[in-house]
Amino acid sequence: MKRSYRKPIFYALVSLATFYLIIQLFTNPGGLFTSLLLIVGGATVFYLIFRYFIQGKIGAKTDARYSKAVKQSKKKYAATASSRPTVSPITSSRDRASSKPSTPKRKAPSHLTVIEGKKGKKKNRAFF
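Quick notes on the rules
Residues numbered from 1 in each chain as written. Predicted model: local features only at pLDDT ≥ 70, side-chain atom pairs only at ≥ 80, totals over all residues. Heavy atoms only, no water. Helix = DSSP H or I, 4+ residues; strand = E, 2+ residues; numbered from the N terminus. Buried < 20%, exposed > 50% of the residue type's maximum accessible area, 1.4 Å probe, protein only. Areas by Shrake-Rupley, 256 points an atom, 1.4 Å probe, with all protein chains shown as cover. Patch = residues over 30% accessible without salt bridge, like charges linked within 9 Å, V, L, I, M, F, W, Y side chains within 5 Å. Salt bridge = Lys/Arg side-chain N within 4 Å of Asp/Glu carboxyl O. pLDDT = per-residue confidence, 0-100. Phe/Tyr/Trp six-rings, centres within 6.5 Å; stacked < 30°, edge-to-face > 60°.

Visitor: Help me understand the overall build of the chain, please; the structure alone is not making it clear to me.
Guide: Per the secondary structure count, the chain includes three helices and zero strands. Listing the helices and strands of the chain from first to last along the sequence gives α-α-α. By residue count, 2% of the 128 residues in the chain fall in the buried class. Split by element, the accessible area of the chain, about 13300 Å² in all, is 65% carbon and sulfur.

Visitor: What exactly am I supposed to notice about a nonpolar patch on the surface here?
Guide: Side chains of V45, F46, Y47, L48, I49, F50, Y52, F53 and I54 sit close together on the surface and give an oily, nonpolar patch of about 960 Å² of accessible area. Mapped onto the fold, V45 is located in helix α2 (residues 29-82). Residue classification places V45 among the partly exposed residues on the basis of a relative accessible area of 48%.

Visitor: In this structure, what is going on with the confidence of the model for the chain? I would like to understand it.
Guide: As a general rule, the predicted coordinates of low-pLDDT regions are not to be interpreted in detail. With 61% of its residues at a pLDDT of 70 or more, the chain shows a mean pLDDT of 76. Highest mean pLDDT in the chain belongs to helix α1 (residues 6-27) (92); lowest belongs to helix α3 (residues 93-98) (54).

Visitor: Which parts of the structure should I look at to understand the packing of aromatic side chains?
Guide: Each aromatic ring pair is specified by the distance between its two centres and by the angle formed by the two planes. Tallied over the entire structure, the rule returns one aromatic pair. Here F10 and Y11 contribute two aromatic rings whose centre-to-centre distance is 5.9 Å and whose plane-to-plane angle is 55 degrees, an arrangement assigned as tilted.

Here is the structure:
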């Protein structure tokens, strides 16, 4: 059920607020700027309180898990990268000709896991 009466109410409120701001600008500009500064200051204080106290408690658990996983991954792959032998970039033409062309072995990344699905269940061909 779509409520179409909200849109005209919103536009009416915005137009009344704009009308009030224009009247205040011509009749009492000092009071208008004071009010705007108070509104902006209050919104800033509210944002800072929300950001540092409320949002920090909500997102801290997932951020801690993510950063722990990143540290583990860096430690694991830094150890494997440093244990690889370094190959000299300068080789003679004889060494290149005598050596077999090496095919790089592909290895599945060990940080990925397989999620078991419904292997035993037959697919219903009517839905394709």
